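Given next are the chains, with one letter for each unit.
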Amino acid sequence: MKKLLFPVILLLILALSACGSSSEEKKSTAKKEEKEEFFTYESETGPVEVPTEPKRVVLLSGFTGNVLKLGVNIVGVDVWSKSNPRFEKELKEAEEVSDENLEKIIELEPDLIIGLSNIKNIDKLKEIAPTVTYTWGKLDYLSQHIELGKLLNKEKEATAWVDDFKQRAQEAGEKVKGKIGEDATVTVMEGYDKDLYVFGNNWARGTEILYQAMQLKMPEKVKKDALKAGYYTISAEVIPDYAGDYIIFSKYSSADNSFQESETYKNIPAVKNNRVLEIDGESSSFTDPYTLDDQLKTFEKFFLESK
């Protein structure tokens, strides 16, 4: 009888041992999978635990086009992004939010919040979801895209786009300079509300493409007054002093653009020779891949088809 019982008891022990081992393996696997759902991102303010595959992102910044380009779902955006006609289709389901409307952000149940370093209520936002902020201008426009790629676990995709864009922009710049000449100058100006501005080489409105990527020249007067600060306010009367051989005019429909009817403006050589390109102001104040790709095509066509 004892001989018969021994094998049975042995089998039971082995079975229980296997069950225990299997249970421990499952726990270990579950912990591993849970751990892999997040990773530590080294932000400019310190390490932040962020989701490996964020599915509900709220943006309180101007990085909307970057996130869209990387294929990440956006559930909430700032007013500037929401009103940008370039993103109208992609942001159809996204809600307009702000750093002061915390209740609305909570309702959106974000798993990641991205903003600028000067937004309000950062500590409260961190209680809602992992929050990462960037200082505007600390990184150049292409490095910023790659950095966002790191945050969203899409660094490979972000780097590939940057490399491709740099090559396309360089080739476009060479073709354009071959058409308009190496010394031809370009002015980027904007009418907003009742003010007029000229811009340096890093203030959106196509400036990064024209001056950095395509290596086109800006007039000396623009370089002197706007390059360091990024922009410079001017009056309509002095536009001729800042006007290059070509003008890119970022135009808001709500702005006072009556100066365009003045003789002073009409007699500017670039105006008389039809070398002024008007672009939509509402969608030109961004430096994301959506905007840059569209602007590059627009600028290349404008210069190559100009007389």
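The structure reproduced in this document is the subject of the present report. (Residues numbered from 1 in each chain as written. Predicted model: local features only at pLDDT ≥ 70, side-chain atom pairs only at ≥ 80, totals over all residues. Heavy atoms only, no water.)

Okay, the overall build of the protein next. Along the protein, the regular secondary structure elements total 14 helices and twelve strands. Put simply, the protein has 307 residues, and 44% of those count as buried. Accessible surface, the protein: about 17,200 Å² in total, of which carbon and sulfur atoms supply 51%. (Helix = DSSP H or I, 4+ residues; strand = E, 2+ residues; numbered from the N terminus. Buried < 20%, exposed > 50% of the residue type's maximum accessible area, 1.4 Å probe, protein only. Areas by Shrake-Rupley, 256 points an atom, 1.4 Å probe, with all protein chains shown as cover.)

Here the focus is the packing of helix 6 (residues 141-151) against helix 7 (residues 155-180). Packed helix pairs are characterised by how far apart their axes lie and by the angle those axes make with each other. At a closest axis distance of 7 Å, the pairing of helix 6 and helix 7 adopts a crossing angle of 160°. Taken together, the axes of helix 6 and helix 7 are roughly antiparallel relative to one another. In this structure, helix 6 crosses over helix 7, and the sense of that crossing is right-handed. Judged by residue contacts, Tyr141, Leu142, His145, Ile146, Gly149 and Lys150 of helix 6 engage Glu155, Ala158, Thr159, Trp161, Val162, Phe165 and Lys166 from helix 7. The residue makeup of the contact of helix 6 with helix 7, split by class, is seven nonpolar, three polar and three charged. (Axes fitted to C-alpha atoms, helices over the stretch in contact; angles between N-to-C directions. Parallel < 35°, antiparallel > 145°, perpendicular 65-115°, else oblique. Left-handed = near helix turned anticlockwise from the far one by under 90°. Contact = heavy atoms within 4.5 Å. Nonpolar A, V, L, I, M, F, W, Y, C, P; charged D, E, K, R; others polar.)

All right, on to a nonpolar patch on the surface then. On the surface, a cluster of nonpolar side chains totalling about 290 Å² of accessible area is made up of Val79, Trp80 and Tyr192. On the secondary structure map, tryptophan 80 appears in helix 3 (residues 79-82). (Patch = residues over 30% accessible without salt bridge, like charges linked within 9 Å, V, L, I, M, F, W, Y side chains within 5 Å. Salt bridge = Lys/Arg side-chain N within 4 Å of Asp/Glu carboxyl O.)

Now for the packing of helix 7 against helix 14 (residues 289-305). Put simply, helix 7 and helix 14 touch, their axes get as near as 9 Å, and they point 15° apart. When the axis of helix 7 is compared with that of helix 14, the two are roughly parallel. Where helix 7 crosses over helix 14, the handedness of that crossing is left-handed. Contacts between helix 7 and helix 14 involve Trp161, Phe165, Arg168, Ala169, Ala172, Lys175, Val176, Lys179 and Ile180 on the former and, on the latter, Pro289, Leu292, Asp293, Leu296, Glu300, Phe303, Leu304 and Glu305. Split into classes, the residues belonging to the contact of helix 7 with helix 14 amount to eleven nonpolar, no polar and six charged.

Evaluation of the coordinates by the stated rule reveals 16 aromatic pairs. Judged by centre distance (5.9 Å) and plane angle (75°), the ring pair of tyrosine 197 and tyrosine 231 falls under edge-to-face. Taken as a pair, tyrosine 197 in strand 9 (residues 195-199) and tyrosine 231 in strand 10 (residues 231-234) lie far apart in primary sequence, 34 residues in all. Considering the side-chain rings of phenylalanine 259 and tyrosine 265, the 5.3 Å spacing of their centres and the 85° angle between planes classify their relative orientation as edge-to-face. Judged by its relative accessible area of 8%, phenylalanine 259 falls in the buried class. A connected cluster of aromatic rings, assembled from ring pairs, spans Tyr197, Phe199, Trp203 and Tyr231. (Phe/Tyr/Trp six-rings, centres within 6.5 Å; stacked < 30°, edge-to-face > 60°.)

The backbone of asparagine 153 sits at a positive phi, close to 60°, despite the residue not being glycine. Position of asparagine 153 relative to the elements: it lies in the loop between helix 6 and helix 7. One non-glycine residue with positive phi stands out, namely aspartate 193, at about 60°. Following the sequence through the fold, aspartate 193 ends up in the loop between strand 8 (186-192) and strand 9.

The periodicity of an α-helix, 3.6 residues per turn, causes residues three or four positions apart to be oriented the same way. Here helix 14 spans 24 Å end to end across 17 residues, near enough to the 24 Å set by a 1.5 Å rise per residue. When we look at burial in helix 14, the residues that qualify are Pro289, Thr291, Leu292, Asp293, Gln295, Leu296, Phe299, Glu300, Phe302 and Phe303. You can read the cap of helix 14 off the contacts: a side-chain oxygen lies 2.9 Å from the backbone nitrogen of tyrosine 290, and it is on aspartate 288. (Expected span 1.5 Å × (residues − 1). Polar contact = N/O pair within 3.5 Å; in protein donor to acceptor, adjacent residues only side chain to side chain.)

Let us look at the environment of glutamine 260. Here glutamine 260 shows up in the loop between strand 11 (246-251) and helix 11 (263-266). For glutamine 260, a relative accessible area of 12% puts it in the buried group. Along the backbone, glutamine 260 and alanine 236 are 24 residues apart, and their C-alpha atoms lie at a distance of 8.8 Å. Setting aside chain neighbours within four positions, we find glutamine 260 in contact with Phe249, Lys251, Tyr265, Lys266 and Glu278.

Moving on, we get to the pairing of strand 9. Within strand 9, four of the five residues are buried, leaving the element largely enclosed by the surrounding structure. With four bridges connecting them, strand 8 and strand 9 associate as antiparallel partners. Opposite methionine 189, over in strand 9, you have valine 198 as the bridge partner. Between the end of strand 8 and the start of strand 9, which pair antiparallel, lie two residues, with aspartate 193 showing a positive phi angle near 60°. Relative to strand 10, strand 9 runs antiparallel, the two sharing four bridges. From the neighbouring strand, tyrosine 197 faces strand 10, where its bridge partner is threonine 233. (Pairing = 2+ DSSP bridges.)

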